Each structure stands twice: as structure tokens, then as C-alpha cells.
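# A structural walkthrough
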Number of protein chains: 2
Amino acid sequence: MLTDQQILRIPGPSPIPPSVSLAMAQPMIGHRGQSTSDMLSVIRPKLKRVFGTEQEVLILTASGTAGLEAAVVNAVAPHDEVLVIVSGAFGERFADICKTYNIQTHLIETEWGKAATVSDITEAFEAHPNIRAVFMTYCETSTGVLNPVKELAAEIRSRSEALIIVDGVSCIGGVETRMDEWGLDIVVSGSQKAFMLPAGLAFIAVSDRAWNKIERNPQPRFYLDLKKHQDNLIKDTTPFTPALSLLFGLQKALELMEEEGLVNVYARHDRLMKMTRSAFKALGVPLLTEDKDASPTVTAVKPADFDAEVLRKVLKGEFAMEVAGGQKILANKIFRIGHMGYCSPADMLQAIAAIEIAIAKAGGEIQLGSGVRAAQQEYLKGANG
Amino acid sequence: MLTDQQILRIPGPSPIPPSVSLAMAQPMIGHRGQSTSDMLSVIRPKLKRVFGTEQEVLILTASGTAGLEAAVVNAVAPHDEVLVIVSGAFGERFADICKTYNIQTHLIETEWGKAATVSDITEAFEAHPNIRAVFMTYCETSTGVLNPVKELAAEIRSRSEALIIVDGVSCIGGVETRMDEWGLDIVVSGSQKAFMLPAGLAFIAVSDRAWNKIERNPQPRFYLDLKKHQDNLIKDTTPFTPALSLLFGLQKALELMEEEGLVNVYARHDRLMKMTRSAFKALGVPLLTEDKDASPTVTAVKPADFDAEVLRKVLKGEFAMEVAGGQKILANKIFRIGHMGYCSPADMLQAIAAIEIAIAKAGGEIQLGSGVRAAQQEYLKGANG
């Protein structure tokens, strides 16, 4: 087997483009010097465009989960009533964080693999009119569901001034996000998915409505105090020593995204999703989600006649290719393919072709090549590039 | 001027060794895969040796400040009485964190540039016998003071079961630390100083006595919940997606430290300190700290007859060399030279020679070359290497 090749097709961490790796290897600089300020001043407007906001996108040196916790400790007061949409493991995480802070937490629980609906929201607000904040997961990594954030937000806003708090860790940068236009109040993402970077940065943007709440909120916080980050970022600096090598990489990754054009980045992710889904449909291997609920960044497959874990072992052993397994109640029942960030149509053709072999070796009855052919046909429907 | 050279002699972030930069540019891997577990299993015993402990050294994806906050929210209950030694800006930060969480906080405030003493501790415990935790800064980066942690800890332990919590961000890895032998309860460090890495990882080790307190502490915490980190790390994994590129670098940096030998690493830092201090003494330029209080990782200089900020501008403009200025009450009054991590005797000879020129240009009356000569003589006193 060819050594020193690894093909990472899990839903994050995602592969790093070579030019981003090189950027991260730049010599270290002082975090209080002009070079750091210059870098932040370049990064700030680019991040705003990705989030679809005029607000600052704050940059925390932390995993995405710390961004989710920052949303909770800044924007929710100790005795507030909140609503959490749980459509998988990361929705559960939002609920766990709220419960840790003894917040009165109502849940909308969807079947894993299905998105939340507008009528779920309607019912929840009718039952609990005093909800002060709604937490939702944009892409639920554990199932490959993309919740209809725009529509859910519109329904919430038509009924309430509740803050709308969105975990966009596993899709922002790969899926269009219009924070301001959609009326979202806090939007969180992380570096290791569609942003094509290693983990270690959390991004978080805050609406005026949310700032108003945050400034009056007595919940103690220090490292995750968003006001500290805001006050520093507008002066092109950070309250604490930032992960500078990741910022070098972020600047480069954002440049790559703008070179491609954000519209094209989003179209590429949409195409990768369609290629992947059409392949499994042609192979007759069931997808976990329906088309209308599917995320452009990750696809979950739920095999009927072979073992997902055997497939994963074959892929790893024969092609050094990694796809993810299922989490929690979906453990051993699904496999998940990441197609986010540094991932091209050619990469997906490769992944599908190898997965076909692995399905065959795992005992699944498929016609070899038929998945690839469907993906090729899907590819040819789109514009070039 | 030669382009693309930067000589970073600030007290962190410190320069990155080329082999560490290359290690960090390795292709991304899955954070739940065997490669990550293997890496953590290699890192764990090496970190323990640096901290001088049999306990796990937990690895948080965060700046050092989050490590300090983790110590507070895990080990201090809401109504505890604590003592914070403030000998500079980072002691103040510990106090700020405690105050944020409404903890009853007593202070030992030393003159900036002086270390705390055993009798400071004696007096504080006589005045406040119910102190449940004592926070101290091992190396106070803002002044270049090394507090006598071992002696202070012995005095505390002779009087009390109070937890001893140490901020070792700017010296651990460059200065011997014997957590277990000295009876320290929580020891925090960060990646961007003597560990020769970019910022983005906080390290934190916890004694059995502290775990006992932590397990009974109702203070809410999620991302900084040390028990979550411990329960995962002992299984060679992490509760949240870690900054994998920094872990690649950490493994390599720890290998470099062991190749050199930890005893030799500490001797090198001691020698760098002595070379630097002997140079300024020979030049007749005052040092902020006395020899007995001086840190092996950073030296603060307090010029009498020239402007520290002019010196910094000359160094930056003519040699692309950065030293740090003063913070808070020492702003514009001192400059600080970092000699931690990836820094050799040859690097210090270079820094001292360039600083001599900058002193002359800033109007200081010195004999050119006399600082370098003193540093050379100091070098020759030591063993080779």
C-alpha cells in the first residue's frame, strides 16, 4: 500500500489545503504587534461576509463547543426559560450546556435524521410563551441534517423577541448563511470544518438584540466573556493570546474562499451533496435523511444489508480512507461521509468508487460503478468548475 | 534590510523550531481515530515529566487564561475565601477571575519587580485562617520575577490544607517544576512560551487533594470541566475536538526537549538568564529585579538614561528584532527580553549585541561591546552545549 497517504472524508476535522499548511508554518510573531493587528484587520471583513452579517465575528481560541457555551453564558440569564431543538448529538450538547447552568430548558426532539419544522416551533411557543432564547443546530453533524434555520427563525421572530442562537460549526463556510437578513442573534462556527483549518478557533457573531441582553446578564464569565472579545477585536486585537498559527491559516483559507467566490463555494458543496446522494440512490443503499433535510457538508448512509463498521475497516485498511461511524443511538448503524471545505468533485468520485469496493467487500449487493456513474451524471448537470 | 527575517525576543509567543513547524503541517487526521490516541499516549508521560507529577496533565484547546479560569471554576466553590499573590499583571488576572466569580479574594500585593516571600504567606494566613486556596504566579511575565513557589508552598502546607494553585504559563518547560514533591495542587501552563509552540493549548495538572474538592464543587462549568478532560485523557482522547495541529507540534516539541534532556533545558534557561543579566550589569543599565527574584525565561530592564520605547523602535526597524515593552504601571518604563523555549546562547549574544546598538541610538551612555563580553564570560563559566 502506498504509504504517507491519508484520505480524510469524515465530517470534520477536514483536510487542510497545502497553502494553508504553509501559511500556518510562518515564523511566530508577537500577538501585540502591528503584524497581528494587520492580519486581524484583513480577516474581520472576510469573516463577516461568510456569516452574512455587519456585526463583528469574534474569534475565540477554543473548540466549537466553547463557542456554544459562550452563547449560553453570555446570552442566557440564570433563571431564563429556553428552547433547544435536538435533532442529534450536537443539539443534545446545547441542551447539556443549558442544563449545566441550571437553565429551565424545553426541548423539541426530532427523530434522528429528520429536521425540525416550523410547526414544531409554533407548538413549542404555544406551550411555553416565555421562552427567552431558542438554540438550534444548523447542520447536525451526527445525522447530516440541515435544519431550515431561515424558516424556523422567521416563525420565532413572528411570535417572540426570543434570541435565536445557531450552532453553525459543521456547515458555515460551506452553506449560505445570512445572519442579519434571517434575524439570527448569535451564530457560532468553528475552524475545523468548512473553514479548511485545524480545530482550535471558535467564531461567534452577535446581533444588537443579543448584545443588549448580554450587557445586562449577571452570569459570571471571563475567558468566554464576549464583550471583552468585542472590545478588543474592533481595535484589531484580542483579550488573550490567540492561536496565531491558526490565524495565519485563517487568513489564507478566507483568501482561498474569496478567490473561488463564496457563491461558488456554496454551489460546490451543494453539488458534492447531490453527487453523493445520487450515488447511494443508484446503488440502492439507503440514505439516513430525505433530500429536503440533507446537509451540503455531510451525508449519512444507513446500510440495510452490510455492516457499516466493516465498510469503514475496509476503507481504512485498503485505501487509507476514513469515513465516520454513527454516534450514540446511531452507533454501528450508519456511516457518515464529510464533503466540506477542501473537497472537490474529483475527491467525491474517488470516495464513491472506493466506498463501492468496500460495500462489496462488506457483503452489500451492489452493481460496481453504478454509484460513480450516477455521481458523474449529477456532476455533468452542473456548471463547470 | 534583509527581508523575511524576524527575531522574536518577547516573553511569548516564542519562536517555533523548524521541525515543530513541519510537524504541525502534517495532513489532518480524525480526532476520534487511532492516530490521535497514539499521539496522546506518547504525549501524556512526557508532559508529566515536565510538570514533575504522576498526575495526568490535561490538555485544553484554549489560551493559558482559560487554564487559569479552569482552576478557579473547578477548585473554588462560590463562597470560598481565597488568597491571590499579585506581583504583576498576571497575578492581577488571577484576582480578576476570582472577583468575576464573586469569590472572597484576599491579596498579597508585592512591589512590581519583587517576589512574594514566605513571611507574606505567614501574615496572610494569620489574618485570614479560612483561606481555601492560594493562587500564585510562578514566573510573572510582566516583571520577570520568579516567585519561590517551592518555599511558598511549604509554608502554606505547614499551616493549612488550602489548595495551592500555580500559574506556570511563562516558565514551565524552562524551569524545573516538581508539582508532586512541592505539594502543588493545580499547575497551569500554556503552549506558547517554553514549550516552543504557537498559543492555543493550555496544560493543567491536578492533585488528588484538588480532585477531591473539584468533585464536590457545585460551580457550573462545561468546556472547562476538568473531570470531563480527565475521564477522556486517561483513555487517550479528548471531550471536544482538540487543536490537532498543535498536538502534532506538541509531540515534536516534547521530543526535542527530551533529546536535549530536561536537566539541560533548565540549565540552558538558567544560563540565558545569567548571560542577559551580566550583560546589563556590565553596561550599567538597571535590571528591574534582583538576582534572587529573577526568572530564567524573561528579563526586565529599566533604563535610567534612555527611552525604552525608542530602543524598541530601533531594534524593530533596524534588526527586525522584537522585545516587549512594559505593561500597566510599567508601561514605557521597562523593556522585557524573552529567553525561553527555542532560544540558544548564540541567540542571546545576537540580542545583546543588537540591543547595545539600540541603546546607543536611543541616547544611553554605554561602552559598546561590554555587555556582549560579560555575556561571553558568563557563557564560558558554564559547561559546553
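The rules we used
Residues numbered from 1 in each chain as written. Chains lettered and ligands numbered in written order. Predicted model: local features only at pLDDT ≥ 70, side-chain atom pairs only at ≥ 80, totals over all residues. Heavy atoms only, no water. Helix = DSSP H or I, 4+ residues; strand = E, 2+ residues; numbered from the N terminus. Rg over C-alpha atoms; globule rule 2.2 N^0.38 Å. Buried < 20%, exposed > 50% of the residue type's maximum accessible area, 1.4 Å probe, protein only. Contact = heavy atoms within 4.5 Å. Areas by Shrake-Rupley, 256 points an atom, 1.4 Å probe, with all protein chains shown as cover. Salt bridge = Lys/Arg side-chain N within 4 Å of Asp/Glu carboxyl O. Pairing = 2+ DSSP bridges. Axes fitted to C-alpha atoms, helices over the stretch in contact; angles between N-to-C directions. UniProt positions renumbered as here; feature names shortened; annotations may be inferred. Buried area = accessible area lost by both parts, 1.4 Å probe. Polar contact = N/O pair within 3.5 Å; in protein donor to acceptor, adjacent residues only side chain to side chain. Phe/Tyr/Trp six-rings, centres within 6.5 Å; stacked < 30°, edge-to-face > 60°. Lys NZ or Arg CZ within 6 Å of the ring centre and 35° of its normal. Domains from an automatic or database assignment. Nonpolar A, V, L, I, M, F, W, Y, C, P; charged D, E, K, R; others polar. Least-squares fit on C-alpha atoms with pLDDT ≥ 70 in both. Arc of directions from axis to C-beta. Lys, Arg positive; Asp, Glu negative; His and termini not counted. Parallel < 35°, antiparallel > 145°, perpendicular 65-115°, else oblique. Left-handed = near helix turned anticlockwise from the far one by under 90°.

This part is about the overall build of chain A. Helix and strand content of chain A: 14 helices and 14 strands. Radius of gyration (C-alpha) of chain A: 21 Å, near the 21 Å computed for a compact globule of 385 residues. Each principal axis of the C-alpha atoms in chain A carries an extent, and together these give about 60 × 55 × 35 Å. Looking at the 385 residues of chain A, the share that counts as buried comes to 66%. Counting only contacts in chain A whose residues sit at least 6 apart along the sequence, the fraction spanning at least 24 positions is 72%. Counting every atom, chain A has about 13,700 Å² of accessible surface; 49% of that belongs to carbon and sulfur.

Between side chains of opposite charge, a pair can form as their charged atoms come close. Across all of its chains, the model carries 52 salt bridges over all chains by this definition. A salt bridge links Glu176(A) to Arg178(A), with the nearest nitrogen and oxygen atoms 3.4 Å apart. Judged by its relative accessible area of 32%, Arg178(A) is partly exposed. Across the pair Arg44(B) and Glu56(B) runs a salt bridge whose closest N-O atoms are separated by 2.7 Å. Of this pair, Arg44(B) sits in helix H2 (residues 34-51) while Glu56(B) sits in the loop between H2 and strand S2 (57-61), and the two are 12 residues apart along the sequence.

On to the sheet that holds strand S4 (residues 104-109) of chain A. All names here are of chain A. What the seven strands build is an open sheet, ordered S2-S10-S9-S8-S5-S3-S4; its pairing is mixed. With partners counted over all chains shown, the strands left at the sheet margins are strand S2 (57-61) and S4, one partner each. Within this sheet the neighbouring strands show an average axis-to-axis angle of 20°, counted without direction. With five bridges joining them, strand S9 (residues 186-190) and strand S10 (residues 201-206) adopt antiparallel strand pairing. Bridging from a neighbouring strand, glycine 190 pairs with alanine 202 of S10. Lying on the sheet, helix H8 (residues 208-216) is in contact with S2, strand S8 (163-167), S9 and S10; it crosses S10 at an angle near 100°.

Moving on: the UniProt feature "domain: Aminotransferase class V" (unreviewed entry) in chain A. Feature annotation in UniProt places "domain: Aminotransferase class V" (unreviewed entry) on residues 28-330 of chain A, given in this structure's numbering. Annotation note: span residues 28-330 of chain A, helix share 45%, strand share 17%, distance between end C-alpha atoms 43 Å.

Here we take up the interface of chain A and chain B. Taken together, the 43 residues of chain A in the interface contact 43 residues of chain B. Buried surface at the junction of chain A and chain B, both sides included, amounts to about 3,500 Å², of which 65% is carbon and sulfur. Three residues, Met28(A), Phe222(A) and Tyr223(A), lead the burial of chain A against chain B; their summed loss comes to 19% of the area buried on that side. Summed over the shared surface of chain A and chain B, the result is zero salt bridges. Here chain A and chain B share eight residue pairs in polar contact (both at pLDDT 80 or more) between them. Of all elements in the fold, only helix H3 (64-75), helix H4 (89-100) and helix H10 (244-260) of chain A reach the threshold of two or more residues within the side of chain A that touches chain B.

Tallied over the full model, the rule gives 14 aromatic pairs over all chains. With a centroid separation of 4.7 Å and 55° between ring planes, the pair formed by Phe94(B) and Phe135(B) is classed as tilted. One end of the pair, Phe94(B), is in helix H4 (residues 89-100); the other, Phe135(B), is in strand S5 (residues 131-137), with 41 residues separating them in the sequence. Across the pair, exposure class does not vary: Phe94(B) and Phe135(B) are buried alike. These aromatic residues form a ring-pair network of at least three members: Phe222(A), Tyr223(A) and Phe240(A). Positioned over the ring face of Phe222(A) is Lys228(A), at 3.8 Å from the centre of the ring.

With that out of the way, let us pick up the environment of Ile16(A). With respect to the helices, strands and loops of the structure, Ile16(A) is situated in the loop between strand S1 (7-8) and helix H1 (18-24). Overall, the relative accessible area of 11% leaves Ile16(A) in the buried class. With residues near it in sequence (within four places) discarded, Ile16(A) still touches Ser21(A), Met24(A), Met196(A), Leu197(A), Pro198(A), Tyr342(A) and Met28(B).

Here we come to the sheet that holds strand S11 (residues 298-301) of chain A. With antiparallel pairing, three strands are arranged side by side in an open sheet as S11-S14-S13 (chain A). Each edge of the open sheet carries a strand with a single partner, namely S11 and strand S13 (324-325) of chain A.

All names here are of chain A. Assigned domains of chain A: these are domain 1 (7-14 + 261-381) and domain 2 (18-259). Placing the centre of domain 1 and that of domain 2 at their C-alpha centroids yields a distance of 27 Å. Counting residues at the interface gives 28 residues for domain 1 and 30 residues for domain 2. Between domain 1 and domain 2 the total buried area reaches about 2,400 Å² when both faces are included, carbon and sulfur atoms providing 60% of it. Our count for the contact surface shared by domain 1 and domain 2 stands at two salt bridges. Across the pair glutamate 92 and lysine 328 runs a salt bridge whose closest N-O atoms are separated by 2.8 Å. Counting across the domain 1 and domain 2 interface gives 13 residue pairs in polar contact (both at pLDDT 80 or more). Among the residues making up the side of domain 1 that touches domain 2, the classes are represented as 15 nonpolar, nine polar and four charged.

Overlay of chain A on chain B (RMSD 0.0 Å): rotation 180°, translation along the axis 0.0 Å. What we have between these two chains is a two-fold relation. The position closest to the rotation axis in chain A is occupied by the C-alpha of Ala62(A), lying 2.3 Å away. In this assembly, 100% of the residues forming the interface of chain A have copies in chain B that are likewise at the interface, indicating an isologous arrangement.

Right, let's talk about helix H6 (residues 149-159) of chain B for a bit. For H6(B), the set of buried residues is Val149(B), Leu152(B), Ala153(B), Glu155(B) and Ile156(B). Down the axis of H6(B), the buried side of the element spans an arc of 160°, and every buried residue falls inside it.

To continue, consider the side chain of Arg221(A). All names here are of chain A. Along the chain, arginine 221 falls in the loop between H8 and helix H9 (226-233). For the buried residue arginine 221, which engages in no salt bridge, the nearest side chain bearing the opposite charge is aspartate 225, 4.0 Å off. Here the side chain of arginine 221 touches isoleucine 214 through a polar contact of 3.1 Å, landing on its backbone oxygen. In terms of polar contacts, arginine 221 uses its side chain to reach the backbone carbonyl oxygen of glutamine 219, at 2.8 Å.

Residue and element names in this part refer to chain B. Running from amino to carboxyl end, H2 crosses helix H10 (residues 244-260) at an angle of 45°, the nearest separation of the two axes being 10 Å. On the basis of the axis angle, H2 is oblique to H10. Once H2 is placed against H10, the crossing between them reads as left-handed. Of H10, the residues touching H2 (which contributes Thr36, Met39, Leu40, Val42, Ile43, Lys46, Leu47, Arg49 and Val50) are Leu244, Leu247, Phe248, Leu250, Gln251, Leu254, Glu255, Met257 and Glu258. In the contact of H2 with H10, the residues fall into 12 nonpolar, two polar and four charged.

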